[in-house]
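Descriptive analysis of the structure
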Number of protein chains: 2
Amino acid sequence: MSALHDHTHCIADALTRAEALCAERGARLTALRRRVLELVWSSHRPRGAYAILEDLSQQDGKAAAPLTVYRALEFLVEQGLVHRIESLNAYVGCADPGAVHSGQFLVCEGCGDAAEIDDPRVGTAIDAAAAERGFRVQRPTVEVRGLCKSCQENPR
Amino acid sequence: MSALHDHTHCIADALTRAEALCAERGARLTALRRRVLELVWSSHRPRGAYAILEDLSQQDGKAAAPLTVYRALEFLVEQGLVHRIESLNAYVGCADPGAVHSGQFLVCEGCGDAAEIDDPRVGTAIDAAAAERGFRVQRPTVEVRGLCKSCQENPR
DNA sequence: GGACATGACGTTACTTTATAACATCGTGCC
DNA sequence: GGCACGATGTTATAAAGTAACGTCATGTCC
Ligand SMILES: [Zn+2]
Ligand SMILES: [Zn+2]
Ligand SMILES: [Zn+2]
Ligand SMILES: [Zn+2]
């Protein structure tokens, strides 16, 4: 994700879409869940549950318990509004909730951004490889570590 | 992995290859590291660091500290003898150490086995998707959850 | 052989991540 | 209002991973 973009817009957009999706589904996007979603979206870097917990304490003055955050995250993941990055134990906002997809990520070791992609070739290749072995795919996880374009151009 | 195979052979084979590879590279496969590798290979199910630690205590009578196991695992991963399954916080023996590969896994929710594959289509697709976005791949992670053939045939 | 460097291992304490069990609150429905 | 159900609060605990420092083993140089 370019460092130069209107991230306020990313956040507002994510919240709007979340409200719409939850309304449509009859899922309850409570104040807490909405706030956690907002905090997850505070950047394009995956954010750990305890980091979000700290945000809640410091920015909102509410000393929440870990479970509070984990439960909100669980809801958001179920609704496809947030993805968990397994290799980081962290969470990142979904770029396209509503669309059916499994989540494929390009995680930059430089800036920490996790760019979500949904490349049909990757999905197809996984499906084919699994099918040949008689394996029924339920949930593919693809997390690619490397260096994003801008971090290659501006190394530290 | 079929439940009906000579797993003793898997273990012996893995240990033999490990010794050969380490000798060739001048890496020190010490008694402890060899033992941890053996314990990782105790099945085709990824095994957590603390499970291995328990094995060490119970089977060998040595009350080791977590770091002991983590250090051995770190070595084994570096040497490509073991892979870490990020989505499980667990480790599994590599099916083909020596060969250059990144590790792609079909992880069965039924029996827990993690079958390692190295499907060129998956690797190629990831490379292509990354290249199009100017992303330089360093370490791809592919972990597919689902049901293996035998667990589909014999559901619980 | 002895001094030395290097890497492996031991020990203790601690941090980070995640969940269990149970109580309470809030909202909507009848 | 009374009830049901899901969301949240509270406390305690489990699981996974690391830091700091000391000691021991192995090999090298002289
Ligand atoms: Zn997504
Ligand atoms: Zn970057
Ligand atoms: Zn086997
Ligand atoms: Zn299976």
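Presented here is an overview of the structure given in this document. Note that the structure is predicted; figures quoted are calculated from it, not measured.

A few words on the protein's contact with DNA strand D. For DNA strand D, the set of nearby residues contains 14 residues, the closest of which are Thr30 and Arg71 of chain A together with Tyr50, Leu67 and Arg84 of chain B. Per the 4 Å cut-off to the protein, sugar and phosphate atoms form 42% of the nearby atoms of DNA strand D. Within the side chain of Thr30 of chain A, an N or O atom sits 2.5 Å from a phosphate oxygen of DNA strand D. Here Tyr70 of chain B contributes a side-chain N or O atom positioned 2.9 Å from a phosphate oxygen of DNA strand D. Elements with a contribution of two residues or more to the surface near DNA strand D: α2 (31-40) and α4 (66-78) of chain A together with α4 (66-78) of chain B.

All names here are of chain B. In the structure shown here, the tally under the stated rule is 21 salt bridges over all chains. Between Arg35 and Asp60 there is a salt bridge whose closest N-O contact spans 2.8 Å. Note that Arg35 is positioned in helix α2 (residues 31-40) and Asp60 in helix α3 (residues 49-60), a separation of 25 residues in sequence. A relative accessible area of 29% means that Asp60 is categorised as partly exposed. Between Asp119 and Arg121 there is a salt bridge; the shortest N-O distance is 2.7 Å. The exposure class of Arg121 is partly exposed, given its relative accessible area of 35%.

Residues and elements named next belong to chain B. The protein atoms that coordinate the zinc ion (ligand 3) are His5 (NE2), His7 (ND1), Cys10 (SG) and His44 (NE2), at distances of 1.9 to 2.3 Å. For the zinc ion (ligand 3), the 4 donor atoms in the first shell make angles of 104 to 115° at the metal, a pattern classed as tetrahedral. Ordering the donors of the zinc ion (ligand 3) by residue number gives the pattern H-x1-H-x2-C-x33-H. A relative accessible area of 31% places His5 in the partly exposed class. Residue His7 is classed as buried on the basis of its relative accessible area of 15%.

Rules of the game
Residues numbered from 1 in each chain as written. Chains lettered and ligands numbered in written order. Predicted model: local features only at pLDDT ≥ 70, side-chain atom pairs only at ≥ 80, totals over all residues. Heavy atoms only, no water. Near = heavy atom within 4 Å. Polar contact = N/O pair within 3.5 Å; in protein donor to acceptor, adjacent residues only side chain to side chain. Helix = DSSP H or I, 4+ residues; strand = E, 2+ residues; numbered from the N terminus. Salt bridge = Lys/Arg side-chain N within 4 Å of Asp/Glu carboxyl O. Buried < 20%, exposed > 50% of the residue type's maximum accessible area, 1.4 Å probe, protein only. Donors = N, O, S within 2.8 Å, 3.2 Å for Na, K, Ca; no water. Tetrahedral: all angles 85-135°; square planar, octahedral: opposite > 155°, others 65-115°.

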